[in-house]
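This is what each chain is made of:
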Amino acid sequence: MEDVEVENETGKDTFRVYKSGSEGPVLLLLHGGGHSALSWAVFTAAIISRVQCRIVALDLRGHGETKVKNSEDLSAETMAKDVGNVVEAMYGDLPPPIMLIGHSMGGAIAVHTASSNLVPSLLGLCMIDVVEGTAMDALNSMQNFLRGRPKTFKSLENAIEWSVKSGQIRNLESARVSMVGQVKQCEGITSPEGSKSIVEGIIEEEEEDEEGSESVNKRKKEDDMETKKDHPYTWRIELAKTEKYWDGWFRGLSNLFLSCPIPKLLLLAGVDRLDKDLTIGQMQGKFQMQVLPQCGHAVHEDAPDKVAEAVATFLIRHRFAEPIGGFQCVFPGC
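It should be emphasised that the depicted structure is a prediction, and the values quoted were computed from it without experimental measurement. (Residues numbered from 1 in each chain as written. Predicted model: local features only at pLDDT ≥ 70, side-chain atom pairs only at ≥ 80, totals over all residues. Heavy atoms only, no water.)

Bringing the environment of T242 into the picture now. Inspection of the secondary structure assignment puts T242 in the loop between β9 (233-235) and α9 (243-250). For T242, a relative accessible area of 5% puts it in the buried group. Between the C-alpha atom of T242 and that of G33, which follows or precedes it by 209 residues, the distance is 9.4 Å. Setting aside its immediate chain neighbours within four residues, T242 contacts L74, I237 and W249. (Helix = DSSP H or I, 4+ residues; strand = E, 2+ residues; numbered from the N terminus. Buried < 20%, exposed > 50% of the residue type's maximum accessible area, 1.4 Å probe, protein only. Contact = heavy atoms within 4.5 Å.)

For N117, which is not glycine, the phi dihedral falls at a positive 55°. Judged by relative accessible area, N117 falls into the exposed class, the value being 64%.

Our focus in this paragraph is the pairing of strand β10 (residues 264-268). With 5 of 5 residues buried, β10 is to be regarded as a mostly interior element. Here β10 shows a buried face lined by K264, L266 and L268 and a second buried face lined by L265 and L267. Two strands pair when backbone bridges link them, and β10 and strand β11 (residues 288-291) are joined in this way by 4 bridges, in the parallel orientation. From the neighbouring strand, L266 faces β11, where its bridge partner is M289. Between β10 and its parallel partner β11, the chain crosses via helix α11 (residues 276-283), and the hand of that crossover is right-handed. (Pairing = 2+ DSSP bridges. Right-handed = clockwise from strand over helix to strand, strands pointing away.)

This next bit is on the UniProt feature "active site" (unreviewed entry) in the protein chain. On the UniProt side, "active site" (unreviewed entry) is annotated at positions that read S104, D129 and H297 here. Taken together, the annotated residues stretch across 194 residues yet fold into one region, lying no more than 8.2 Å apart by C-alpha. Tracing the backbone shows S104 in the loop between β5 (98-103) and α3 (105-115). In this structure, S104 is in contact with G32, I128, D129, V130, F250 and H297, ignoring residues within four places of it in sequence. Among the structural elements, H297 can be located in the loop between β11 and α12 (299-302). Looking at H297, the relative accessible area reads 37%, which means it is partly exposed. (UniProt positions renumbered as here; feature names shortened; annotations may be inferred.)

With 52 residues, the main nonpolar core has V83, L100, L125, W249, F250, F257 and L266 as its most contacted residues. The dominant element in this core, judged by the number of residues it contributes, is α3, at 6 residues. Beyond its immediate stretch of four places on either side in the chain, L125 contacts M99, L100, A110, V111, A114, F257, C260, I262, P263, K264 and L265. Grouped together as the second largest cluster of nonpolar side chains are 35 residues, A37, L38, F43 and L123 included. (Core = buried A, V, L, I, M, F, W, Y, C linked by side-chain atoms within 4.5 Å.)

Glancing now at the packing of aromatic side chains. Under the defined criterion, the tally for this structure stands at 7 aromatic pairs. Ring centres of F153 and W235 lie 5.4 Å apart, and the angle between their planes is 80°; this geometry places the pair in the edge-to-face category. Of this pair, F153 sits in strand β7 (residues 152-153) while W235 is found in strand β9, placing the two residues 82 residues apart along the sequence. Judged on exposure class, the residue F153 and its partner W235 are both buried. Pairing F257 with F287 gives two aromatic rings, centres 5.4 Å apart and planes at 65°, and the pair type is edge-to-face. Residue F257 is located in helix α10 (residues 253-259), and its partner F287 is located in the loop between α11 and β11; the two are separated by 30 residues in the primary sequence. Taken together through their ring pairs, the aromatic side chains of F153, W162 and W235 make up a single cluster. It is R149 that lies over the ring of W235; its NZ or CZ is 3.8 Å from the centre. (Phe/Tyr/Trp six-rings, centres within 6.5 Å; stacked < 30°, edge-to-face > 60°. Lys NZ or Arg CZ within 6 Å of the ring centre and 35° of its normal.)

Structure below.
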């Protein structure tokens, strides 16, 4: 674990990274929206046992333990610049060979980073379960999905249990680490709007005259405090408030991915996710693709060994890394 300081116009931003391994290329891992670098923990153990590589998993701004001046700016351009700035702060003018690997939102940010040439030593690019066509189609239902999640949890164990039972993460081992980076202990009441969202459904709408409104507010605050005592954990980031950035993450992503002049890997939970541009690109051999069935959206958490095997094979095929521990490549058909 390391906190990397990045200087900018408004002062210093601090980015949390988690590292493993001591030699070989750096796999720079970017998590999905609402997740954190800890979502890569089990995958990390799997990949470093197969190939010689170094892992750097980054908490993107607004997520995990990263602390930035403007945590609400989650534009693709800003987050891509963050990745480049963290690489420069860690390695200076001579960064080691780096492969960018990103899941969902992190996959989109990886592509934006690569296409803007923000990592000079980039040797490979991997997107995990993110495709422009299906992502854009899913945006319409995303708010409904977020509204359907619990607002708070009684305990960290309760949050972990929900993540597995709901299918968000299908691997208990990964959920135990990953959810630590997704939820936090509730802070003090900040505003009526914020507190109402935490106890939504508990406070009944009441019609009061002006004289009675003060007692209503007092009762709401008391209800909020009671709810927070009973349910002291909530999400670290309110994803619903990031909606204005969603389009910018994913629009034009397929062509950006295809235009990156480096070896590319696309890992999907289902072949039905492919859009037209990527289907054509795949038929033209512009990137390597592998479908990992029986996985949810968090492919690298649900099947960390399979994802590690695919990434290790990709690295060895392109002679980016050396196998260790007798690892045998399994070259997929596509």
